[in-house]
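Below, each chain spelled out in residue letters.
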Protein chains: 4
Amino acid sequence: MNKIEAITVEEKITVNELVNRMGKAGMGARKLSEAVDVVEAMVKDDCKIFLGLAGAMVPAGMKGLLIEMLKNKWVDVLVTTGANLTHDLIEALGGEHYQGKWNEDDRELNEKGLDRMWDVLMSNDVYVPLEEFLDKHLAELKKAETIQELLKIVGSKLNEDSILGMAYKNNIPIYSPAFIDSGFAMILAHKGLNINQFKDLSSFLDMTWEFKRKGFIYLGGGVPKNFIQQSLQFGPDAGADYGLQITMDRVETGGSSGAEVKEGISWGKLKEDAQFVDLRADVTIVLPLIIASIKERIKS
Amino acid sequence: MNKIEAITVEEKITVNELVNRMGKAGMGARKLSEAVDVVEAMVKDDCKIFLGLAGAMVPAGMKGLLIEMLKNKWVDVLVTTGANLTHDLIEALGGEHYQGKWNEDDRELNEKGLDRMWDVLMSNDVYVPLEEFLDKHLAELKKAETIQELLKIVGSKLNEDSILGMAYKNNIPIYSPAFIDSGFAMILAHKGLNINQFKDLSSFLDMTWEFKRKGFIYLGGGVPKNFIQQSLQFGPDAGADYGLQITMDRVETGGSSGAEVKEGISWGKLKEDAQFVDLRADVTIVLPLIIASIKERIKS
Amino acid sequence: MNKIEAITVEEKITVNELVNRMGKAGMGARKLSEAVDVVEAMVKDDCKIFLGLAGAMVPAGMKGLLIEMLKNKWVDVLVTTGANLTHDLIEALGGEHYQGKWNEDDRELNEKGLDRMWDVLMSNDVYVPLEEFLDKHLAELKKAETIQELLKIVGSKLNEDSILGMAYKNNIPIYSPAFIDSGFAMILAHKGLNINQFKDLSSFLDMTWEFKRKGFIYLGGGVPKNFIQQSLQFGPDAGADYGLQITMDRVETGGSSGAEVKEGISWGKLKEDAQFVDLRADVTIVLPLIIASIKERIKS
Amino acid sequence: MNKIEAITVEEKITVNELVNRMGKAGMGARKLSEAVDVVEAMVKDDCKIFLGLAGAMVPAGMKGLLIEMLKNKWVDVLVTTGANLTHDLIEALGGEHYQGKWNEDDRELNEKGLDRMWDVLMSNDVYVPLEEFLDKHLAELKKAETIQELLKIVGSKLNEDSILGMAYKNNIPIYSPAFIDSGFAMILAHKGLNINQFKDLSSFLDMTWEFKRKGFIYLGGGVPKNFIQQSLQFGPDAGADYGLQITMDRVETGGSSGAEVKEGISWGKLKEDAQFVDLRADVTIVLPLIIASIKERIKS
């Protein structure tokens, strides 16, 4: 057994060095360090990595870290919510998010045209350039038969400061199974698009069927996690070899979002000898640490 | 100010009576009572009620309570995950869920062909009758242009012991924006369906646009909640008049699932003077209490 | 394996009947039912039951349920926080708690002399009769050598509408290891009491050393849980035979309050074959259900 | 309003630099940065700082960070649980904690004489040198009239690699109101100590009465938090000027451990214009980041 070593710090300690020391401690500190280890292992291994992305990651300021992951090809497939893509596109088109307070008067915000996401605010006005952009490219967007194709077209119009743009540049497909619950989709609702979601599904399953070694990173739960989980059951090399889940959700209610990674072994979604970590933490706190550590460990 | 009255119990106290007493207490006890009050108010008012349903509700044994809601038309529109519909269909076709242990050996379960959802188990074999059923009705299912239509066709083949069957009987539309992340959808992936999710979206928006007074019940968060929230922003009578959310998720990470109901006021998703309750509790514990209480309060 | 049976309800269903049905379901519903079962089992067995009581139970309106437990001698030893005893004494002396709102303006409350505990309010004035009462009985209180004796003297002055009074009447000792963190103790701080907390400890250990079969009920964690846990390690019949813990705290941080009941087996605090339940729920929601069910199951 | 700026990282970024960037983001990331800011502010201000320390901090490997705080006199008064002091003394006497697994077989551990705290293990054997140490110094320990004095005597025998030893060296008083719930106290239970806990209380209140500007840092809740909170109500300069709370506990149950810092304003425990942060996070993850950042910001 390894002895617990008390964490010490020196001035100007790097994030990676601190995380390494946390790895010799216990509880959440150790788990965080193991989370970095499993990401490092899956990136260094020649395996295909799914990133399942839920939560208000763009409003929370996590966009730069996600772009870093895409830029360095630490991720092969992105599955995310329509909301994250909406906020990414909003920022790509010049819109902004602001630091507010979690206990603001929501009635006053409504009168000012400000929308609140916990302690982050956004003006209603951001939807104007979004609609203009989508209208401008509508003819091309209407050619898309899947959400994945639609998002690729959108990405092709944007620069690499956005998730959509960087994914396009690096040829990383983006799937968004529940896309129609987003502000992005609301604008497109009545514009005559013809997207067959079963084509999204079959292309996703066909792609993952071929993958040999596989890893997943779930930032939050929801549909992104569940969609990837489902696909991991199939194919000649079914089951992930590596897995990381970061969520604050609880296990006890039985829902997929909070479900243990380990549970996936029973379903064949995770290999019996897989390396995996189940970190119960706020993604907005630990993702910066993980990406900074990976950045130091894997010279890109 | 109302004085806190200590809760007392007598032998054979009914659920509704106990809930009423909890309404004179504080903390979670009071919130639970207020949750029943808001459901009662929205059912008695002539308003349209959305039920957003996430989590493993069918495996957890909540199906009968949901059917009760549909049977009594306490709900006008159901938005749910593909998973709940999959497990509902599995049971409708004779499949079963079992009481297991949360700390079972997942490797052993995998060898036995048992899939684990926290402390509930299910055999892999349930997918066989599911595939047979879907194959049998494939020609008809292929006529569906939306998930809502697809689910209506499925419901028409089932009896009222199922969510799908009871919703069909009572003409309650079911939307499932992220349907393709489900076992149900996996079976249909390569069978040539042509579902345009934007038609689902536009039919949903057109329907809700017309609604005057509106209420929502969110059991868990995820896509069902977010999809309903989005639609509430639009129309001549935008914003809900009543709202109930029940979740264990936290507010601090900023994600939609854990977001405060109150936050919706800033977006115009909730009216400024709406009656609403934000109950942070395990749905599987409080839903039985709520439905039993409503059953007593509203003779159906 | 037992099949999951969907919960159904009829009008005027009793709490116990509903809880029984929850026992055939999964997740939290099932756990709640098992919680009632383990309390029933320990009460029916000839064993000594410790109640570890933390949290704002009196302000939350749980007092009547706790008095019910003491009245029926479902509990043999009470270990609790000074706060619960303070609020119990406040109410015994005519003070009141009120229903407020969780998001009130705390500055305004301060100006009005109202103290907030989440959504419960209390006037500062309640401390006046508390101080008068303690002054009146000071000579007698100064004879106490332990907190347990001090609380017994206080209880002897009160009627059975209070935790302190009912415990006195039924000769149930109350321990409060951290008593000095309470409003009750603040008043006594400079009044010359001479309480030796090691006498509290040794009397508690001597008492529990003799206990043969043992059970515990932890409502919340904190010092009450930990104090009982410690004592369970010692004696010829070390380790509890029954255990119930109800808390919303998490396991991952490693603290005692959220620690799994199961962990106690490694320490010898829980017998290897003990019957125990670890219910992650809000005590203020589930305690009323548990006591109502026990009331029906055990005619008192 | 400040714009949210997406966090970016470079190779070898220091912890403090990353935390600064998190301060321009939202949600938990921003809160963590504000937590560092409030600690920096209270340390730089000429105010008295209370550290309230709960949870399994020593087993989790946090000891070195706590010693750093005491060494640099960032803390003026320590209030903690008996458990943290027990584990600190165990390590000071050569005992060790080990990295285990959270899902180990507790029966096997019991047979091996290993005690589990989530994913940390400790041998039963550690209590032998602890008892020897306490017996050796018993005569001196028996002179203590308060727990604070007892802990000071113990600290005087230890070197600065321990919390007890460093606090002694820097003349930082340690209070432990619930000391008797600890393994440390169990050993002393029958050894004839005569500790009057009301003397601990009155010395604590007398000391804090004199403090002008005040700050608190609560790592976890429990008795340490509540004891400090109580004392903050009294004196000519009642109420804290700065506050930081870090906990995973929830607000909804109404207990003190999870209660909002803000609530303290209603009681007069926190000044109306105080600078405070309420960080809902795992202490074992964020404490290393906070101390590393403070170390860089405040050259000691």
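Model, not experiment: these values are computed from the prediction.

## Description of the overall build of chain A
When its secondary structure is counted, chain A shows 14 helices and 9 strands. A compact globule built from 300 residues should have a C-alpha radius of gyration of about 19 Å, and chain A, at 20 Å, falls within 12% of that. Taken along the three principal axes of its C-alpha coordinates, chain A extends 60 × 50 × 40 Å. By the burial criterion, 65% of the 300 residues in chain A qualify as buried.

## Examining the relation of the copies chain A and chain D
After a rotation of 180 degrees and a shift along the axis of 0.0 Å, chain A superposes on chain D with an RMSD of 0.0 Å. A rotation of that kind, with that shift, is consistent with a two-fold axis. Residue Thr14 of chain A, judged by its C-alpha, is the member of chain A lying nearest the rotation axis, at 2.0 Å. Of the residues that chain A buries at the interface, 100% are likewise interface residues in chain D, meaning the two copies contact each other through the same surface.

## Looking at the interface of chain B and chain C
In this complex, chain B contributes 51 residues to the contact, which on the side of chain C involves 51 residues. Going through the elements one at a time, α1 (15-22), α2 (27-44), α3 (63-71), β3 (98-99), β5 (120-123) and α14 (283-297) of chain B are the ones with two or more residues in the side of chain B that touches chain C. By residue number, the principal contributor to the side of chain B that touches chain C is α14 of chain B, which donates 8 residues.

## Topic: helix α8 (residues 147-156) of chain A
Residues and elements named next belong to chain A. Of the positions making up α8, those classed as buried are Ile147, Gln148, Leu150, Leu151, Val154 and Gly155. Buried positions in α8, seen along its axis, are confined to an arc of 160 degrees and lie on one side of it. If you follow the buried residues of α8, they end up packed against α4 (82-92), α7 (138-141), α9 (163-169), β6 (174-175) and α11 (197-210).

## So, the environment of Gln148 of chain B
Along the chain, Gln148 of chain B turns up in helix α8 (residues 147-156). Here the alpha-carbon distance between Gln148 of chain B and Leu201 of chain B, two residues 53 residues apart in the chain, equals 9.8 Å.

## Here's the deal with the nonpolar core
Grouped together as the largest cluster of nonpolar side chains are 444 residues, with contacts concentrated most on Val286 of chain A, Val286 of chain B, Val286 of chain C together with Val286 of chain D. Apart from residues lying up to four places away in sequence, Val286 of chain B is in contact with Leu32, Ile246, Leu279 and Ala281 of chain B together with Ile285 of chain C.

## Re the sheet that holds strand β1 (residues 48-53) of chain C
Residue and element names in this part refer to chain C. Strand order in the open sheet formed by 6 strands is β6-β2-β1-β7-β8-β9, and the pairing between neighbours is parallel. Strands with a single pairing partner mark the edges of an open sheet, and in this sheet they are β6 (174-175) and β9 (270-279). As defined by bridge partners, strand β2 (residues 77-80) adjoins β6 across 2 bridges and the pair is classed as parallel. The residue of β6 that forms the bridge with Val79 is Tyr175. Each of β1, β7 (214-219), β8 (240-246) and β9 is contacted by helix α2 (residues 27-44), which is oriented at about 135 degrees to β9, the strand it contacts most.

## Notes on the relation of the copies chain B and chain C
Both copies of the chain are related by a screw-like operation: a rotation about an axis and a shift along it. Expressed as a screw operation, the relation of chain B to chain C combines 0.0 Å of axial shift with a rotation of 180 degrees, fitting to an RMSD of 0.0 Å. The overlap is high: 100% of the interface residues of chain B also sit at the interface in chain C, so the same surface is used on both sides.

## Quick word on the packing of helix α3 (residues 63-71) of chain D against helix α14 (residues 283-297) of chain D
All names here are of chain D. Interaxial distance between α3 and α14 falls to 10 Å at its minimum, and their mutual angle equals 35 degrees. As α3 runs across α14, the sense of the crossing is left-handed. Contacts from Leu65, Glu68 and Met69 in α3 reach Leu287, Pro288 and Ile291 in α14.

## Focus: the interface of chain A and chain D
Listed per partner, the contact involves 51 residues of chain A and 51 residues of chain D. Mapped onto the side of chain A that touches chain D, the elements with two or more residues apiece are α1 (15-22), α2 (27-44), α3 (63-71), β3 (98-99), β5 (120-123) and α14 (283-297) of chain A. Take the side of chain A that touches chain D: its biggest share by element is 8 residues, from α14 of chain A. Partitioned by chemical class, the residues of the side of chain A that touches chain D number 27 nonpolar, 11 polar and 13 charged.

## A short note on the pairing of strand β5 (residues 120-123) of chain C
Residue and element names in this part refer to chain C. Of the strand pairs in this sheet, strand β3 (residues 98-99) and β5 are connected by 2 bridges, and their pairing is antiparallel. Following the sheet pairing, Tyr98 is matched in β5 by Leu121. Across 4 bridges, strand β4 (residues 114-117) lies against β5 in antiparallel orientation. Residue pairing in the sheet places Asp115 in a bridge with Met122 of β5.

## Describing the packing of α1 of chain B against α14 of chain B
All names here are of chain B. Where α1 contacts α14, the two axes come as close as 8 Å, and the packing angle between them is 105 degrees. By the criterion of interaxial angle, the relationship of α1 to α14 is roughly perpendicular. On α14, the residues touching Val15, Asn16 and Val19 of α1 are Leu289, Ala292, Ser293, Glu296 and Arg297.

## Some details on unusual backbone geometry
All names here are of chain C. Of note in this structure, Lys12 is not a glycine but carries a positive phi near 60 degrees. Positionally, Lys12 belongs in the segment before α1 (15-22). Owing to 14 C-beta atoms within 10 Å, Lys12 belongs among the partly exposed residues under this scheme.

## Details of the sheet that holds β4 of chain C
Sheet architecture is open: 3 strands sit in the order β3-β5-β4 (chain C), paired in antiparallel fashion. Among the strands making up the open sheet, the edge pair consists of β3 and β4 of chain C.

## Digging into the environment of Phe204 of chain A
Residues and elements named next belong to chain A. The topology assignment puts Phe204 in helix α11. Each C-alpha atom of the pair Phe204 and Val36 lies 27 Å from the other, and the pair is 168 residues apart in sequence. What Phe204 contacts, discounting residues up to four positions off in sequence, is Tyr175 and Ser231.

## A short note on the pairing of strand β1 (residues 48-53) of chain B
Residues and elements named next belong to chain B. The element β1 is largely enclosed, with a buried count of 6 among its 6 residues. Here β1 shows two buried faces, one formed by Lys48, Phe50 and Gly52 and the other by Ile49, Leu51 and Leu53. Of the pairings in the sheet, the one linking β1 to strand β7 (residues 214-219) comprises 6 bridges and is parallel in character. Within β7, the residue paired with Leu51 across the bridge is Ile217. Bridge count for β1 against strand β2 (residues 77-80) is 4 bridges, and the pairing is parallel. Counted as the bridge partner of Leu53 is Thr80 from β2. Between the parallel elements β1 and β2, the chain passes through α3 in a crossover that is right-handed.

## Concerning the environment of Ala29 of chain C
Position of Ala29 of chain C relative to the elements: it lies in helix α2. Since 29 C-beta atoms lie within 10 Å of it, Ala29 of chain C is described here as buried. Remark: the alpha-carbon pair of Ala29 of chain C and Gly94 of chain C, spanning 65 residues in sequence, is separated by 38 Å. If near-sequence neighbours (up to four positions away) are discounted, Ala29 of chain C is found in contact with Ala60, Gly61, Thr284, Ile285 and Pro288 of chain B together with Ile7 and Met22 of chain C.

## Observations concerning the confidence of the model for chain A
In low-pLDDT segments, the atomic positions of the prediction should not be examined closely. A residue-level look at chain A finds 100% of positions with pLDDT of 70 or above and a mean pLDDT of 97. Here the complex is predicted with pTM 0.98, and the ipTM for its interfaces comes to 0.97.

Conventions used here
- Residues numbered from 1 in each chain as written.
- Chains lettered and ligands numbered in written order.
- Predicted model: local features only at pLDDT ≥ 70, side-chain atom pairs only at ≥ 80, totals over all residues.
- Helix = DSSP H or I, 4+ residues; strand = E, 2+ residues; numbered from the N terminus.
- Rg over C-alpha atoms; globule rule 2.2 N^0.38 Å.
- Buried ≥ 20, exposed ≤ 12 C-beta atoms within 10 Å, placed from the backbone.
- Least-squares fit on C-alpha atoms with pLDDT ≥ 70 in both.
- Contact = placed C-beta atoms within 7 Å.
- Arc of directions from axis to C-beta.
- Core = buried A, V, L, I, M, F, W, Y, C linked by C-beta atoms within 7 Å.
- Pairing = 2+ DSSP bridges.
- Axes fitted to C-alpha atoms, helices over the stretch in contact; angles between N-to-C directions.
- Left-handed = near helix turned anticlockwise from the far one by under 90°.
- Nonpolar A, V, L, I, M, F, W, Y, C, P; charged D, E, K, R; others polar.
- Parallel < 35°, antiparallel > 145°, perpendicular 65-115°, else oblique.
- Right-handed = clockwise from strand over helix to strand, strands pointing away.
- pLDDT = per-residue confidence, 0-100.

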